[in-house]
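Fold and contact review
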Amino acid sequence: MSDVSGRFVVAAAVVAVSLAVVATAASAAHDYGDALSKSLLYFEAQRSGRLPYNQRVRWRGHSGLTDGLEQGVDLVGGYYDAGDHVKFGLPMAFTVTLLSWGVLEYGDGVSAAGELAHALQAIKWGTDYFIKAHTAPNELWAQVGDGDSDHYCWQRPEDMTTSRRAYKVDAENPGSEVAAETAAAMAAASLVFRRAGDAHYAHLLLHHAQQLFEFADKFRGRYDESVEVVKNYYPSSSGYKDELLWAALWLHRATGRRDYLEYALANADDFGGTGWAVSEFSWDIKYAGLQVLASELLVEAKERRLRLSPEERAVVEQLRSKGEYYVCSCMNRNPGGAEHNAGRTPAGLLFIRPWNNLQYASGAAFLLTVYSDVLSALGEPLRCGGEEGAGEAGDVLAFAKSQADYILGSNPMRTSYLVGYGAAYPRRVHHRAASSASYRHDRDFIGCLQGFDSWYSARRENPHDLVGAVVGGPNGEDVFSDRRGAYMQTEACTYNTAPMVGVFSKLMQLEGQQPQRRRPETAEEAEPAPAEDL
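Criteria and cut-off values
Residues numbered from 1 in each chain as written. Predicted model: local features only at pLDDT ≥ 70, side-chain atom pairs only at ≥ 80, totals over all residues. Heavy atoms only, no water. Helix = DSSP H or I, 4+ residues; strand = E, 2+ residues; numbered from the N terminus. Rg over C-alpha atoms; globule rule 2.2 N^0.38 Å. Buried < 20%, exposed > 50% of the residue type's maximum accessible area, 1.4 Å probe, protein only. Contact = heavy atoms within 4.5 Å. Areas by Shrake-Rupley, 256 points an atom, 1.4 Å probe, with all protein chains shown as cover. Lys, Arg positive; Asp, Glu negative; His and termini not counted. Charge placed at Lys NZ, Arg CZ, Asp CG, Glu CD. UniProt positions renumbered as here; feature names shortened; annotations may be inferred. Polar contact = N/O pair within 3.5 Å; in protein donor to acceptor, adjacent residues only side chain to side chain. Phe/Tyr/Trp six-rings, centres within 6.5 Å; stacked < 30°, edge-to-face > 60°. Lys NZ or Arg CZ within 6 Å of the ring centre and 35° of its normal.

1. A word on the overall build of the chain
The secondary structure content of the chain amounts to 18 helices and five strands. For 534 residues, the compact-globule formula gives about 24 Å, and the C-alpha radius of gyration of the chain, at 22 Å, lands near that figure. In terms of its C-alpha atoms, the chain occupies a principal-axis envelope of roughly 70 × 60 × 45 Å. Looking at the chain as a whole, 62% of its 534 residues qualify as buried. Look at the contacts in the chain between residues 6 or more apart in sequence, and 76% of them connect residues 24 or more apart. With the model as given, the accessible surface of the chain reaches about 19,500 Å², and the carbon-plus-sulfur share is 50%. Where the 51 positive side-chain charges of the chain centre and where its 68 negative ones centre are 3 Å apart.

This is how it looks when you write it as C-alpha cells:
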C-alpha cells in the first residue's frame, strides 16, 4: 500500500545512471491499445471475494469469503488496494471514480479497443461492493482488515489468517472523506452505466450516491478519527472539504440538479476550492481534480448545455484558475520558480514523493489530458500566473503524453513501469499473490511467516506477472530497483493504474492506432477454468 504520510523511511539501494543514458533515452512509439488492455486486466488480479466464471487472471482464487461475517454484514468483494489484503474504502472509491471518469471522457477509445466490457466489469466490481458496504443511509463500512497485522504476514489472499475485522463510519463516528468519495464514485459510475444502457443499475447507484453525500455533509468529521487504524496507511491530510466539493460536482453531473451545483459554488471559497493552489492530485488531495472538473462547466456553458449566472461563472473561473495553477505547475510554467512548480527527475518525470511517486504522475497525466480538451473546446490558450501565452492545448496534451511514455519505457532505465508491457518491466513486484505459488496449482497452505522465507526473501522473479500494474516507479534520479523489499518503488496500487485507462484511450485515438484483440496473458491463463476452481 502507498504511504504518503512520510512516517516510514526506507534505505533503498540504487544503481548509478549516467547523464549520457538520460540524453539518449529513446522515445519510441508505444502501443497504447496494448497498454489499455493490460491496464484493465490488472483490476482482476486485485479482486477480493468469489471470482466469476470469466476471471482472466487464472493464478488468483477466491478470497475474503467471510468478510463482514463477524459484524453480521456481507462485505465480500471489492478490491485489495495494493500488494496486501486490506480493503481500504477511500482509495478504492477514488480508483472507481477515476476509472469512471476515464470511460466517460474517452469511452469511444475504450470501446474501439474492444475493452468496454472489461472497463464496465472493473467499475462494477467496486460499485457492487459499495452497495453492500452502504448498509444504512448514515452507515458505511470503510475498511476490512488491519494493516498492522497484515504486514506481519506474507500470504496469498486465499490463505489469509490475519484479522478481517470491519470498521464503519456512521452518525456518531462520522467519516466525510470516505462517504463523499464513495458518493462521487457511485455518481460517476451511474453515468457510465446509464450510457451503457443499464438504467436500473445506474438509478441504484445514484440513489446510494445521494444518500452518501447527504450523510457526509450532515455528519461532518474526519474519517481517520473515527477509524483510527487507517492513520498509518491512508490518513486524511487535506480534510474532507475537498471530497464534499468533488462529490457535489459529480452529483450535479450525474443528475443535472442545480442544488448540487449551487452547493459546490456556494461553498467553493469556504471549502478551499478557490483557495487551494496545489501541485499534486491523489486519493487524499482532490482539489486539482475538482478544479479541472469544474472547468468543464465552462464548456457546457459555451455549448449552451448549462446556464451560469455572472456570479456563478465568476466562481467557476476562480476554480479554473486554481486548476490551471496545477497544470502549469506540472509543466514547470508557473512564475516564481521551484516553490510554485512540481519537482522533476532529470529525465522529466514528475516527482512529488519517493513513496509510490507514479501515482502522482499518472494522476497528472489524466488531469492534463482532460484539461487539454477543455482548452480545445473553449478555443483558449493556457494561462500561467494569469498571463496568456504559456502554451496551447496541444502543449498540455504533449506533456501528459510524455508522462505516459515515460511510464511505458521512454526513460533512462528503458524499463516499462506498466507490468507486462514491452520487453523490460518489473519482475519482482511487491505483491503477495503475484510473488507466491498459484493457488490454482498449489493448494498447500502457506503460513504467515512461511511466505517471507519461501517467497518474499527469494531473489528469483515472481512466478506471476502482475500485468497492467503501474508500480511505484523510480527515485528522484530516474533509478529503479527491481526488488520486492524496495516497496516504495515496486509496490503497485489500483489508483496508479486507474487514471491511465483514460490516458491510454485518448492517446490511442490521437495516434490513429488500430487496436487488436489481445490474449489476456498466456494460453493457460486464458483457458476456461475447471469447475472446481470457480
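2. Brief notes about the UniProt feature "active site" (unreviewed entry) in the chain
Per the UniProt annotation, the sites labelled "active site" (unreviewed entry) are His 430. The residue His 430 is located in the loop between helix H14 (393-407) and helix H15 (450-456) in this model. On the basis of relative accessibility, which here comes to 8%, the residue His 430 falls in the buried class. Those residues in contact with His 430 that lie beyond four places of it in its chain are Gly 83, Trp 154, Tyr 456, Arg 484, Tyr 487, Thr 490 and Glu 491. A polar side-chain atom of His 430 sits 2.7 Å from the main-chain carbonyl oxygen of Arg 484.

3. Examining the packing of aromatic side chains
Counted according to the given criterion, the structure contains 26 aromatic pairs. Summarising the aromatic geometry, the rings of Phe 193 and Tyr 201 are spaced 5.0 Å apart at their centres and angled 85° between planes, so their arrangement reads as edge-to-face. Each member of the pair Phe 193 and Tyr 201 is classed as buried. The rings of Phe 94, Trp 101, Tyr 106, Trp 246, Trp 250, Phe 281 and Phe 366 are connected pair by pair, giving a single aromatic cluster. The ring of Trp 125 has Arg 47 lying over it, and the distance from NZ or CZ to the ring centre is 4.5 Å.

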